[in-house]
Amino acid sequence: MTGTAPRTAPRAAQRQRARAWSPSKGGLLLLAAPLALLALFFVAPLLWVLGQSFAAPAGPLDTYVRIAGDGALRYSLIYTFQTAAIVTVAALVLSYPVAFLISRAQGRWLMIGMVFVLVPFWTSAVIRSYAWLVLLQRRGVVNEMLLALGLIDRPLRLANTDLGTHVAMVQIMLPFMILPLLSAMRGIDLSVLRAAAILGANPWRQFVNVYLPLSMPGVGAGCVLVFISTLGFYITPALLGGSSPMIAVAIEQQVSRLLDWPLASALAAVLLVLTCALFMLYERLNRRLAGAGEAR
Amino acid sequence: MNDMTASTLQRGSLPMSDLPATRGARVEFDHISKDYGDLTVLHETTLTIEAGEFFALIGPSGSGKSTLLGILAGFVPPSYGAVRVDGTDIVAMPPYRRNIGMVFQNYALFPHMTVAENIGFPLKMRGCSRGEIGERVKKALAMVRLEAMGERRPAQLSGGQQQRVALARAAVYDPRLLLMDEPLGALDKNLREEMQEEIKRFQRAFGATVIYVTHDQQEAAFLADRLAVMRGGMLEQIGSPRQLYEMPGTHFVASFLGEASLLPVAEILSREGREVTVRTPGGLTIRALAPSRVSERRALCLRPENIALGAAAQGRDNRFLGTVEEAVFTTGTLRYRVRLPGSDGLVTVRVPSLPGIELLAPGSSVEIGWDAAMAVTIAED
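From a predicted model like this one, the values you see are computed outputs, not experimental measurements.

### A few points about the overall build of chain A
Counting its secondary structure elements, chain A contains 13 helices and zero strands. Its helices and strands in sequence order give chain A the pattern α-α-α-α-α-α-α-α-α-α-α-α-α, from N to C terminus. For chain A, the C-alpha atoms occupy an extent of roughly 100 × 65 × 30 Å along the three principal directions. Buried residues in chain A amount to 36% of all 296 residues. Across chain A, contacts joining residues at least 24 apart in sequence account for 72% of those joining residues at least 6 apart. As displayed, chain A offers around 18300 Å² of accessible surface, 69% of which is attributable to carbon and sulfur atoms. Chain A carries 23 positive and 10 negative side-chain charges, and their two centres are separated by 20 Å.

### A short note on the confidence of the model for chain B
The predicted model of chain B averages 85 in pLDDT, with 92% of residues at 70 or higher. pLDDT under 50 marks residues 1–20 of chain B. Its contacts with residues more than four places away, or in other chains, come to 30 contacts.

### Some words on the interface of chain B and chain A
Contacts between the two partners involve 25 residues from chain B and, on the opposite side, 25 residues from chain A. Here chain B and chain A share an interface that buries about 2100 Å² over both sides, 68% of which is from carbon and sulfur atoms. Viewed at the interface, chain A and chain B are joined by zero salt bridges. Here chain B is connected to chain A by five residue pairs in polar contact (both at pLDDT 80 or more). Counting only elements with at least two residues in the side of chain B that touches chain A, the list comes to helix 3 (115–125) and helix 5 (159–171) of chain B. Examining the composition of the side of chain B that touches chain A, we find that four residues originate from one element, helix 3 of chain B, more than from any other. Considered class by class, the residues forming the side of chain B that touches chain A number 18 nonpolar, three polar and four charged.

### Remarks on the sheet that holds strand 20 (residues 365–370) of chain B
Pairing between the strands of a sheet is mediated by backbone hydrogen bonds and can be parallel or antiparallel. All names here are of chain B. Across the sheet, which stays open at both edges, the five strands sit in the order 16-20-17-18-19 with antiparallel pairing between neighbours. Strands with a single pairing partner mark the edges of an open sheet, and in this sheet they are strand 16 (308–309) and strand 19 (346–352). One ladder, built from six bridges, connects strand 17 (residues 318–330) with strand 20; its direction is antiparallel. From the neighbouring strand, Leu321 faces strand 20, where its bridge partner is Glu367.

### Thoughts on unusual backbone geometry
Residue and element names in this part refer to chain B. At Tyr107, a position not held by glycine, the phi torsion is positive, near 75°. Structurally, Tyr107 can be placed in the loop between strand 6 (101–103) and helix 3. Residue classification places Tyr107 among the buried positions, given a relative accessible area of 5%. Phi at Glu182 takes a positive value of approximately 45°, unusual for a residue other than glycine. In this structure Glu182 comes out as buried when scored by relative accessible area, which is 8%.

Rules of the game
- Residues numbered from 1 in each chain as written.
- Chains lettered and ligands numbered in written order.
- Predicted model: local features only at pLDDT ≥ 70, side-chain atom pairs only at ≥ 80, totals over all residues.
- Heavy atoms only, no water.
- Helix = DSSP H or I, 4+ residues; strand = E, 2+ residues; numbered from the N terminus.
- Buried < 20%, exposed > 50% of the residue type's maximum accessible area, 1.4 Å probe, protein only.
- Contact = heavy atoms within 4.5 Å.
- Areas by Shrake-Rupley, 256 points an atom, 1.4 Å probe, with all protein chains shown as cover.
- Lys, Arg positive; Asp, Glu negative; His and termini not counted.
- Charge placed at Lys NZ, Arg CZ, Asp CG, Glu CD.
- pLDDT = per-residue confidence, 0-100.
- Buried area = accessible area lost by both parts, 1.4 Å probe.
- Salt bridge = Lys/Arg side-chain N within 4 Å of Asp/Glu carboxyl O.
- Polar contact = N/O pair within 3.5 Å; in protein donor to acceptor, adjacent residues only side chain to side chain.
- Nonpolar A, V, L, I, M, F, W, Y, C, P; charged D, E, K, R; others polar.
- Pairing = 2+ DSSP bridges.

Right under this line is the structure:
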């Protein structure tokens, strides 16, 4: 073909608004079902709980005033956040090297590593909590073994202690830390470490200046996941901790023993609001850290 | 293709002693080899790269060129042998003590740092003061013409800009040896040619020894003072781009660098100095050049631009009446595939496409010719 293409035709076509197919029309329809499900079984009960927290006979804010004035409940909240922090840090410290090793593994070793992470992940927390009870109780596996080895004369008190509960919670939370770390670490281009090496960074500086910052998205995601999940821990502290002051245990007591639905709802609302606030703080921090680098 | 030939000729004529005064390092690979169990990826290799030289390693993937570079950088421990930089064996030294600059194929910029932080990284690792880092980074940014980009992240730059950042980062600490592993592989053609110019200029100004790995023979010929063609974990031939193009030793080198028509040799009829007369299996008698070891040389290498066509073939040492099988116009040249008389097959001929010159029609007869010095005997594989 020679000569110039006709110029008027495309202009005429531009003048009319294109009635093009767009993915958004079908997308909305696809979203309708999950949105309805969420509204019915998540948003509605949540609103009901919030409503309940203002439904105390003594006045709408009575429950919140009682929480503020009740030392035991206040302690319960503080203890819960403190426990979540301890569990998060412990899980991070334990998970980072594990995730690193798995992220570098190939073929069969990768599969073995993933099995060790995923099998506990797929096992119910109830079962794992009972397993920890079997291990940690007075005549449990750990105590029997220490006694047999002659390291101790009398069984140690492991169950019904903070230590035992924390150990079990950390173990249950490990996959929630390892998996986000793993996904971030597998995304790190290893040639970047080689570049750091040839540019003069020894292994420690390669880690601190390059690897660690690049794995930070995984660290952040894992910490948020573990921290928030730990805030709501119920079954493990209830089984292992005896009368653990974890807030979920306290809420359960309000409901099933004291039948104080409004107070239980208010405690749940306080937990929810604090959790949301923390999450927003994390998001803001995250965005600031990522900065303009997220343009990719 | 023509462009390459031109630049090859120009720079091939530059003798080694004319290289500018250098602060580059001298590199010796001394009986270096690498194997993974039974698999040998690099056979015993001895190679010296002179101070200030721009040396290219070329070859197809798996030829061992990246292994050789990896051994020099310290990423690949060699199985045997020594690598000396200015006389010091560096095999036992970790990469971060070698003080070598390197540009990677995918640039390997740190995505979480700004451009300025990327370039400043090697200085920070060397314990430079904040002020000094700032000053040298500024200078390096100016050198690669990215003054305004210091605060951007690598992801916000184009491929060519990222490449220049990688170059600045590798050079900012004045290493005496700079390695480049297919640094232009990810760029499109125009940008690649532009960057080639820039790298060449850069090396002249910078004075370091550069070892450059590529599978692009044109790029290697344009940039390098000398190049080594690698194949199957071995050095096939070393020389200036022009030497390798004009006097390829083997079939592989002849066809890897530029375009070549290869004619088999059945018999060597006579020899007179460097000139030989050979007979092809198809019955043609051809006068050609035999640089050395005549007995091993079982083929003739003909470069397409060295064959004259029609009237221009008059008076050449070798002349034949061929048949045009294929005639194509490409930008700047007319390219023909011409069948030789007898059964020796086709040769490729390329002539400049001057205005007014008609493209010969397929099927037409045409005289082709070349002088003895234009055909080189090579070793068959």
